[in-house]
Structure formats: structure tokens, C-alpha cells
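If you want the building blocks of each chain, they are given just below.
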Amino acid sequence: MQRNGGGVGAGGQPWVLRRVRLTWLSFMLFFILVFFPLIAHYYLTTIDEAGGPDKRIFGPRPGGELCEAKHVQDLCRIRESVSEELLQLEAKRQELNGEIARLNLRIEACKRSIDSAKQDLLQLKNVISQTEHSYKELMAQNQPKLSLPVRLLPDKEDPGLPPPKSARSCRLRSCFDYARCPLTSGFPVYVYDTGSYPWADYLDPLVKQAFAASVKSNIYITDNPSIACLYLVLVGELQESSSSPLPSPSELEKQLKALPYWRSDGHNHVLVHLSRKSMTQNFLYNVSTGRAAVAQSTFLEQQYREGFDLVVSPLVHALSEPNFLEVPPQVPVKRKYLFTFQGERVESLRSSLQEAPPQSFEEEMEGDPPADYDDRIIGTLKAVQDSHLDQVLVEFTCKNPRPSLPTEWALCGEREDRLEVLKASTFALVIAPGDGQLVASAGCGMRLFEALEVGTIPVVLGDHSRLPYHQFIRWSEAAIIVPKPRVTELHFLLRSLSDNDMLAMRRQGRFLWETYFSTSENVLNTLLASIRTSIQVPAAPIKEEPAHEIPHKAGKLAGTDANLADNGDLDLGPVETEPPYASPRFLRNFTYTAADTYRAWNRAPGPFHLFPHTPLDPVLPSEAKFLGSGTGFRPIGGGTGGSGKEFQAALGGNVPREQFTVVMLTYEREEVLMNSLERLNGLPYLNKVVVVWNSPKPPSDDLLWPDIGLPIVVVRTEKNSLNNRFLPWDAVETEAILSIDDDAHLRHDEIMFGFRVWREARDRIVGFPGRYHAWDVNHQSWLYNSNYSCELSMVLTGAAFFHKYYAYLYSYVMPQAIRDMVDEYINCEDIAMNFLVSHITRKPPIKVTSRWTFRCPGCPQALSHDDSHFHERHKCINFFVKVYGYMPLLYTQFRVDSVLFKTRLPHDKTKCFKFI
């Protein structure tokens, strides 16, 4: 134990010594490393300052003496070498950076190339798909493509017809020669020269002149009798004089048979008798007319051949045109008098009818009314007047009754006086003649005409009466027709009608009067249209405006300006790579005439024109496109539907595929026009662009038009008129028209969305900036308003879709006074189009997207910025209301957005439009 303990103590002394030595060495090392450099620095600095500039060791020496020192020369060489290497490295770095930039550009170019290739591949897939669809449609098509009829004319030789049992039993099937009127004949009509008639001297001069003037302007009239389908003979109204009495029935019959194309029985002839007076003698009653039809205002039951003869309206305005601005407005609905009647019986019914034993009331309803039945009507109406429940005017005696037929109620006083009373009447009674055998009379026709003319609703007492063109006109929509036994309930019936019903009947009556009865030209057109409709021959196609194109040359490819690419990365659908295709035309040549008779005759514009297409054509049910009727349809996802990707690949919808035409009105703003045309580059479903050059000065010779890959047709106009915007140019081959100003800036997605919406509402205006009509309480009139509002009633046609059908109506059917005012103010054409469409459809326009106005940066100031612009539009609205007789515009309180707008979608789905 001691040995071990002594060993430890003896051995611990050297360890302590070693530790002391290490501490000493560490201290010395710290001193040398810290203090020695400080001392050396101080020493050297002191020497340099004491020795002057020539004795410095580390300072710069003049003349480069530092490099002469041997121990510094190596450092200089090293510095120069390093500097040179740094310069080389910098040059290399710049070279590498340039290479990287070039490679990045190549990468971007490759990406663009890949995207373009993908787009081209998509386009090719779409073309293949379209071609496959077209091929399948051609293989499965079982309906011939129709177009304008090829005119077929009858043979000169007339084989004749087998005679009917009697002329009284004539019907079209037995007395009309259809062989002379093929469906595609064009309905040629030959009119005998009134001067060559034996009875020409007896014709009323006014009727004769009005008839001749109407014949000159009619498109169906031909001078070649050998190809005629129909032959017109004017036989009245005749005037009897004391020196030359009217020809007897036998003489008149002999003179008719002497007509050069009578062909023994007068088939395909129409004897026209136009009544200008309330008393028109029925002198054809005892004349055998053979197979010739009779068109006149007065018929006896045993004379009238249902479905063959025609009841026509009287010719009131023979040579004078009615002033539509003097027609009273259709509102207010209720006028001073609930109903009025002024008339006097010509003679007692008992003197004109055979005496018969008294009948009970039930027996009277089953048979003809008794001789004293009109006395009951007089008593009932007087009782209503005496009750003072409503203000009623009934007068059964006249100071100066107009001459009338026996058993008929004579008209009282002058026409102007009668019209003044009717203007204050809500309803006007038209009492049928007491003789039940007199089914139509000129006096009743005159009362009906005058009531419709001033907006009074006719009330016809006598359901046995034949009103003009009753085979085609649904008179129940414009008049109240009740049997005479219901006269005791008439007051209750009239009071029960709502304002809505009365205004609808008043508006329909105005349409009938304006379209069929107002002028001599309308009377002749209606007569021919009724016969043409009866034999199912289509009307003549409405004319189109020939587009006289201004030659122009295309310049650079459009779309090179980066500022025009404002649609982002939206995929709006395939740009059609196949040639532009037009909308099918005249697919309903014969169905429109044969199956749509009611709508053709009872809705504007009437049966006078054949349109290539209308927005009212029937739509197939959804399954039909998959079960045999899929020609032209492109369902979304092949019928399975889908979100944005599938949506943009096909048009879908309820109608076959189609394109649209841009119609752009411009006036001496070439730079603005070129920019607008460039923005159309790459727009899907665009057929062509029609530029309406509204300036008398042609475009500049050196003007380069953009090449947008589609035709740009520049149309020369005859005069500077805003109405030119809506002319039905023959260059427009699509149903859909996008009317757009040359300074309107629309994105492609907005245009495409508007087009898709229009396809579902083809009968309406679909557009972007909205306006509305506001009521001026102080002046009791209308104001045009462009302020932001939660209601609108107009969509400006400076950026709107509409059907070409309305271009025909605007140019050829709408009252000329409206177009004249547009030319006078050089304004209001968009208001006029909104009035027209709302008048036809009774629907408001549709506004899409959030746009309320347009801003075109850099464009010259437009006319709409002038204060007078709004004053003129106020005047236009009130003038148009006066022409139409009421305010056609209707309010709407919504706008249209796409289906998935603001809808949260799964990550694998996309919206229909990114911003809409």
C-alpha cells in the first residue's frame, strides 16, 4: 500500500511541470502573434514617415520603381495573370449567358410550336369530326335540299274540266283548273283591260283608277294570258245614270262569256266587285257566272259558294292614302262610351220577308230570326242606355241615312262624323242585316272598316255573317262575335273584358286594317293572296338588296399586334377551317303556305312574302337529333354533355350548326375600321364580314385591309343613311347577323357567348349595351334614358345579334315614316329596330354580360356624345309610338350569364367561359 501511494506522489510532480511548461508556451505564442505584428506595424509606419517618400518601402514609388524590385516583380506578374484570367472568365460568362438566352428563346419557340401543333391537331380532329358528321348526314339524308322554286308554267293548250252538277255547287276541287297553277308557277295573274269591257262606261271612275294603279305595282301580274294561272275581271262598282241604265243580267252574262279567255265556263276567272258605297246592288245575283269565282262585299246565302267565292272588304280609300299619324292611339283602353251604334233600318223586315207565324224564343235561336227580332235588339240597347251604368250612345234614327240594302241598317251622317263618334267609343256595334239570307253586306263591311280604322273594337251581332276573308282571318282575335239572341247579355259581356284583352284585340284590329284593308293596293294584294293560299301556291320570295362590292386589297396578316390579344388563353371553340357555309334557305317553301296559314294571315307581316328563313320555325324535340333527324346538329359531348372543354368543342343547342355574319357600318374612319377588323381575326363560327361603306367618298387607294382568313365584303351604298345598316344584303348568307359599330371593342368570348344565347332566342335582339324608355310625368310622354338601371327595354344595335328576317321587315314592311325620320335626324335606327322586334314578338330584348357602354381608346368622338343626340332620341321614341299607335317596348329585369358562371367546380372541370 505504501509503495503504491508513494508511486503516485512521486509520479505526479513531472505532470505538474509539464502543465506549467504548456501554459508558458501558450502565453509566449499569444504574445508573438498579437503584439509582435503591432510593434512591427508601428515601427514600419514610423520609418516611412521619417524617411520621406523616396525611402518608403511599402508606399508607391514614382516611375514604377515598385515593379523593378525583384521581390515584387513576381507579385506584378501574378496580378496581371489573374487580371487576364478574370477578363477571359468574364467574356466566357457573357458568352454563356448569351447562349442561355438563345436557348431560352428556342425553348419558348418550341413551346409555341408545340401549342400551335396541338391547336392544329385539334383543328384537324375537328375537321375530321365535321367531315365524318357531314358524310354520315349525306349517307342518311332522306330529305332533298330545297331552294327557290324553279318556275313551271302551264301548257298553252287547255284540256278543260268535266262540268260540275251546277254552277251553285262549285268548289275549288271541281271548278278550278289546278293544272294551270303548278306549285312552282309563281302564280301569274292576267288582268283584263278595263277599257275593253262592254260595261266599262258604267264602272266607278275612282274604283277603276285605283284598281289600275294597284295592278301596275303588283308582282304577280303578267301580260301573257297563255301562261296565266288566274284571270281577273273588274265588274264593279257600277254607276247607273238616267241616260244609260245598267245592263240586264242576261246582257252581262253574255258579255262575260264573250271574254277572250273565258273558255266557255270561265274557270280560273275571278269577277271582282269593289264596293265604295254602303249601298251596293248585288247585280251578279241573277247572273250565271259559270266556274268563275266572285269576289265582292255582298252575298246572299243561296248565292255564296263557301270556299270558292270571296267576301272582300269595301274600297274606302280608293286613291287616297290613310294618314297613320292621325289614327288615334290605342291607349287609354277605355274611352268615353262603352259602346255606340248609329243606324236606321231601311224598311220593316216584315215587308221584306214572307209572313210567318210567331215563334218561341227557342225556335228563334234554331232558325232564322223573326221579322220583329231587331225590335228586341233596339229595346235591349235602349234599356242599357237608360240604366246609366255605363255611358252608351245608341241612335236608331238618322237625319240623313245613307242608302243601303233592304233589311240592312243604314249608316248615319257623313263618314267624318261617324269617325269622331267611333274615336270616343271602346266598342262599336255591327248589327247584321235582319234578313238571315243576306250573309254579307257592304254596309256591315263599311262599319267594320271604320271601327278598325280608329281602334274601336267591333262587336258583331249575328254569328251567321261572313266577315271579309273569314277562311283565313281569325276574327275572334280582333272582334267580338255573338249571336243575336245574346243581346240581353251583351252589356255584361263587354264589361267583363280585361284591359289586357281589349288592348290585344285593338292591336290585332289595327294590324288587320293596316295590312289588308287600308289601301287599294292592300285590297288587291289580299284578294290575290287569299286565292293563292287556297290553292297552296307559295308567295313570291321577298327581295334582297344587291351588294355592289368595292374592290380592295388585303395587307398584312391580322393579329400581329400584341395589343389585340385581349382574350387571354381562352379556348372559344374551333375556328372553322372548312369554307364558310351559308344557312339553309327556303326549307319551308310549301309548309309555310299549307301548314302555317293561321300564323301567316294573323301575325305580322302577313302572307305576302316568302322568306328564306324566319326565327319562328318549329324546333325539333331533343331526341330527334339522335333518332333519324340529326342532320347538322353538333351535340355537346356527342349528346353526353360536359363542361368547358366539351362545351367549346361544339355548338350544341336546339338547332343545327350555323355561322354568323358581321355587318359593320362605317363612315370615313379608316384607321378605326382597320383596327376593328383585325380584332375579328380567329373568331370562331364567323362566316364573313360585310362592311357597309356609308360615305360617298370611296376608301383610299393605298388602304391595306387586314387578312383575317375570311371574306371581307365592302358594300357601296347609294346614300349616307343609317338605315343601310339593316338592309337585307344578298351578301349576308346566314340567319344570324352581328351588327356592330366600327368603334365597338368586343372580346371574342363576349361575341361567342352572345351568339350562343341568340341561338336559343332567335326571335329577339341579343346584345350588350342596354337602354330603356322612361315616362316623363310632367309632359306625359316618353324619354330615352341611358343611365344605369335595373330595368332595360332596348339593346343598342351597335353591338347586337338579330335575325336577318328583321332586316327584311325593317326595310320593306315597317312604315316608311320611321325610316324617313331616321334619315332626317341621322339617328334612332337602333331604337326603330327595337320597336319593330318588340312589336312583332311582344318580347323585350336580351342583354348579355355586364357591359352597359363601350369605350374605344383613341377613337374619334362619336355623334352620340353630342347633347342634341339625346334630344333627338326623345323625339324619335314619341314619334314611333304615334306611328305604331302604342308603345311596343317591354321591360326586362335580368341579363344573361353562362351556366357555370360563379360556380365552384372540381379540379378536373372547366367553366364554359373564363370571364362570363
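Read on for a plain summary of the structure. In this text the structure is predicted, and so the values were computed from the model without any measurement. (Residues numbered from 1 in each chain as written. Predicted model: local features only at pLDDT ≥ 70, side-chain atom pairs only at ≥ 80, totals over all residues. Heavy atoms only, no water.)

## Focus: the overall build of the protein
Rules: Strands are runs of DSSP state E lasting at least two residues, helices are runs of H or I lasting at least four, and both sets are numbered from the N terminus onward. Only protein chains enter the area calculation, which uses a 1.4 Å probe; residues under 20% of their type maximum are buried, those over 50% are exposed, and those in between are partly exposed. Contacts between residues were defined by any pair of non-hydrogen atoms, one from each residue, lying within 4.5 Å. Accessible areas in this description were obtained via Shrake-Rupley with a 1.4 Å probe; residue shielding takes into account the shown protein chains only.
From N to C terminus, the protein includes 23 helices and 26 strands. A burial count over the protein gives 48% of its 916 residues as buried. Across the protein, contacts joining residues at least 24 apart in sequence account for 79% of those joining residues at least 6 apart. Only carbon and sulfur atoms are counted for the fraction: they give 56% of the accessible area of the protein, which is about 47000 Å².

## Here we look at the sheet that holds strand S6 (residues 310-311)
Stated formally: Pairing between strands is defined by DSSP: at least two bridges between them are needed. Note on geometry: axes are C-alpha line fits, over the in-contact stretch for helices, and angles between N-to-C directions span 0 to 180 degrees.
Strand order in the open sheet formed by five strands is S1-S2-S3-S4-S6, with parallel pairing between adjacent strands. Both outer strands of the open sheet, strand S1 (189-191) and S6, are each paired with one neighbouring strand and no more. Pairing of strand S4 (residues 293-296) with S6, which is carried by two bridges, proceeds in the parallel orientation. By the bridge assignment for S6, Gln296 is matched with Val311. Against the sheet, helix H14 (residues 520-534) engages S1, strand S2 (230-236), strand S3 (269-273), S4 and S6, with an angle of about 135 degrees to S2.

## Points about the nonpolar core
Soluble globular proteins tend to pack their nonpolar side chains together in the buried interior. Defined as follows: Among buried residues, the Ala, Val, Leu, Ile, Met, Phe, Trp, Tyr and Cys ones that are joined through side-chain atoms within 4.5 Å form a nonpolar core.
By size, the foremost hydrophobic cluster in this structure holds 91 residues, and its most contacted members are Phe187, Trp199, Leu230, Leu232, Phe517 and Leu527. Formed by 50 residues, the second largest nonpolar core is a distinct cluster that contains Val663, Ile765, Cys876 and Leu889.

## As for the packing of helix H21 (residues 816-825) against helix H23 (residues 867-884)
Rule in force here: Should an angle fall under 35 degrees it is called roughly parallel, over 145 degrees roughly antiparallel, and 65 to 115 degrees roughly perpendicular, with every other angle called oblique. Under the grouping applied here, Gly and all other residues not named as nonpolar or charged are polar, the nonpolar ones being Ala, Val, Leu, Ile, Met, Phe, Trp, Tyr, Cys and Pro and the charged ones Asp, Glu, Lys and Arg.
Contact geometry of H21 with H23 gives a least axis separation of 10 Å together with a crossing angle of 170 degrees. When the axis of H21 is compared with that of H23, the two are roughly antiparallel. Judged by residue contacts, Ala817, Ile818, Met821, Val822 and Tyr825 of H21 engage Glu872, Lys875, Cys876, Phe879, Phe880, Val883 and Tyr884 from H23. A breakdown of the residues in the contact of H21 with H23 according to their chemical character gives 10 nonpolar, no polar and two charged.

## Structural notes on the pattern of salt bridges
The line we're drawing: When a carboxyl oxygen of Asp or Glu is within 4 Å of a side-chain nitrogen of Lys or Arg, the pair counts as a salt bridge.
Here the structure, examined in full by the defined rule, presents 37 salt bridges. Residue Lys423 pairs with Glu420 through a salt bridge whose shortest N-O separation is 3.5 Å. One end of the pair is Lys423 and the other is Glu420, both in helix H10 (residues 415-423) and three residues apart, which spans about a single turn. Judged by relative accessible area, which is 32%, Lys423 ranks as partly exposed. Among the salt bridges present, the one from Arg725 reaches Asp741, with a minimum N-O distance of 2.7 Å. Of this pair, Arg725 sits in the loop between strand S19 (712-716) and strand S20 (736-741) while Asp741 is found in strand S20, placing the two residues 16 residues apart along the sequence. Overall, the relative accessible area of 6% leaves Arg725 in the buried class. Residues joined in a network through salt bridges with shared partners are Arg415, Arg418, Glu450 and Glu453.

## Looking at helix H11 (residues 442-453)
Here is the rule: What a helix is expected to span follows from its residue count: subtract one and scale by 1.5 Å.
Between its first and last C-alpha, H11 extends 16 Å over 12 residues, near the 16 Å set by a 1.5 Å rise per residue. Most of H11 is tucked away, with 12 of its 12 residues classed as buried. Here H11 has its buried residues at Ala442, Gly443, Cys444, Gly445, Met446, Arg447, Leu448, Phe449, Glu450, Ala451, Leu452 and Glu453. Its buried side turned inward, H11 meets strand S7 (337-345), strand S9 (409-411), H10, strand S10 (425-431), strand S12 (457-461) and helix H13 (499-517).

## A closer look at the side chain of Gln330
Checked against the element boundaries, Gln330 lands in the loop between S6 and S7. Classification of Gln330 by relative accessible area gives buried; the value is 3%. Apart from the residues lying within four places of it in its own chain, the contact partners of Gln330 are Leu503, Arg506, Arg507, Arg510, Tyr884, Gly885 and Tyr886.

## Here's the deal with the environment of Ile481
Structurally, Ile481 can be placed in strand S13 (residues 480-482). You can call Ile481 partly exposed: its relative accessible area is 37%. For the pair Ile481 and Leu429, spaced 52 residues apart in sequence, the C-alpha to C-alpha distance is 10.0 Å.

## As for the side chain of Ser465
Along the chain, Ser465 turns up in the loop between S12 and S13. If we skip the residues at most four places from it in the chain, Ser465 touches Ala432 and Val439.

## A look at the environment of Leu809
Within the secondary structure, Leu809 is located in helix H20 (residues 804-813). Separated by 82 residues in sequence, Leu809 and Leu727 place their C-alpha atoms 9.5 Å apart. With residues near it in sequence (within four places) discarded, Leu809 still touches Pro605, Phe611, Met814, Leu836 and Ile840.

## Some words on the pairing of S2
To be explicit about the condition: Whether a crossover is right-handed comes down to one check: with the strands pointing away from the viewer, does the path from the first strand over the helix to the second run clockwise; if it does, it is right-handed.
Most of S2 sits out of view: seven of its seven residues are buried. Pairing of S1 with S2, which is carried by three bridges, proceeds in the parallel orientation. The partner of Val189 across the bridge, within S2, is Leu230. In this fold, the crossover linking S1 to S2 by way of helix H5 (residues 205-216) has left-handed handedness. As defined by bridge partners, S2 adjoins S3 across five bridges and the pair is classed as parallel. Directly across from Gly236, in S3, lies its bridge partner His273.

## Observations concerning the sheet that holds strand S24 (residues 794-795)
As summarised here, the arrangement of the three strands in space is S23-S22-S24, forming an open sheet in which the pairing is antiparallel. Of all strands in the sheet, those with a lone pairing partner are strand S23 (781-785) and S24, marking the two edges. Pairing of strand S22 (residues 770-776) with S24 involves two bridges; the strand directions are antiparallel. Residue pairing across strands places Arg771 opposite Met794, the latter belonging to S24. Here H23 sits on the sheet in contact with S22, S23 and S24, set at roughly 135 degrees to S23.

## Points about the packing of aromatic side chains
Put simply, the test is: Note on ring pairs: Phe, Tyr and Trp rings are taken, using the six-membered ring of Trp, and paired if centres are within 6.5 Å. Classes follow the plane angle, with under 30 degrees stacked, over 60 edge-to-face and the rest tilted. By definition, being over a ring means that NZ of Lys or CZ of Arg is both within 6 Å of the ring centre and within 35 degrees of the ring normal.
Within the structure shown, the criterion is met by 39 aromatic pairs. Geometrically, the ring pair formed by Phe449 and Trp513 is edge-to-face, given 6.2 Å between the ring centres and 65 degrees between the ring planes. Of the two residues, Phe449 is situated in helix H11 and Trp513 in helix H13; the sequence distance between them amounts to 64 residues. For the pair formed by Phe449 and Trp513, the shared burial category is buried. Taken together, Tyr469, Phe472, Trp475, Phe511, Tyr516, Phe517, Trp601 and Phe608 form an aromatic cluster joined through their ring pairs. Sitting over the ring of Phe647, Arg756 keeps its end group 4.0 Å from the ring centre.

## A word on a nonpolar patch on the surface
Our working definition: Surface patches are defined over residues having more than 30% relative accessible area and no salt bridge, joining like charges when they lie within 9 Å and nonpolar side chains (Val, Leu, Ile, Met, Phe, Trp, Tyr) when within 5 Å.
A surface patch of nonpolar side chains, amounting to about 1000 Å² of accessible area, comprises Leu29, Phe30, Phe31, Ile32, Leu33, Val34, Phe35, Phe36, Leu38 and Ile39. Its location among the elements puts Phe30 in helix H1 (residues 2-51). Under the relative-accessibility criterion, Phe30 is labelled partly exposed at 49%.

## With respect to the packing of H5 against H14
Formally: The hand of a helix crossing depends on one turn: near helix anticlockwise from the far one by less than a right angle means left-handed, and clockwise means right-handed.
At a minimum axis separation of 9 Å, H5 and H14 run at an interaxial angle of 65 degrees. The handedness of the crossing between H5 and H14 is right-handed. Residues Ala210, Phe211, Ser214 and Val215 of H5 touch H14, and the partners they reach there are Ser520, Glu521 and Leu524.

## Considerations on unusual backbone geometry
For the bond running from Gly236 to Glu237, omega is 25 degrees, close enough to zero to count as cis. Tracing the backbone shows Glu237 in the loop between S2 and helix H6 (249-257). Look at the link from Val331 to Pro332: it is a cis peptide, with omega at 5 degrees. Along the chain, the position of Pro332 falls in the loop between S6 and S7. Residues other than glycine seldom take positive phi values, yet Ser264 does so here, at roughly 70 degrees. As for its position among the elements, Ser264 is in the loop between H6 and S3. Classification of Ser264 as exposed rests on a relative accessible area of 68%.

## Structural notes on the state of the cysteines
Stated formally: The disulfide criterion used throughout: a pair of cysteine sulfur atoms within 2.5 Å.
Enumeration over the complete set of coordinates arrives at four disulfides. What pairs with Cys170 in a disulfide is Cys175, and their sulfur atoms sit 1.9 Å apart. One quick way to see it: the torsion about the S-S bond of Cys170 and Cys175 is about -80 degrees, and its sign makes the bridge left-handed. The exposure class assigned to Cys175 is buried, which follows from its relative accessible area of 0%. What pairs with Cys181 in a disulfide is Cys229, and their sulfur atoms sit 1.6 Å apart. Classification of the bridge connecting Cys181 and Cys229 rests on its S-S torsion, roughly 95 degrees, and on that basis the disulfide is right-handed. A residue pair is termed long-range when its members are at least 10 positions apart, and Cys181 in the loop between helix H4 (172-175) and S1 and Cys229 in the loop between H5 and S2 qualify at 48 residues. Cys229 carries the same exposure label as Cys181, and that label is buried.

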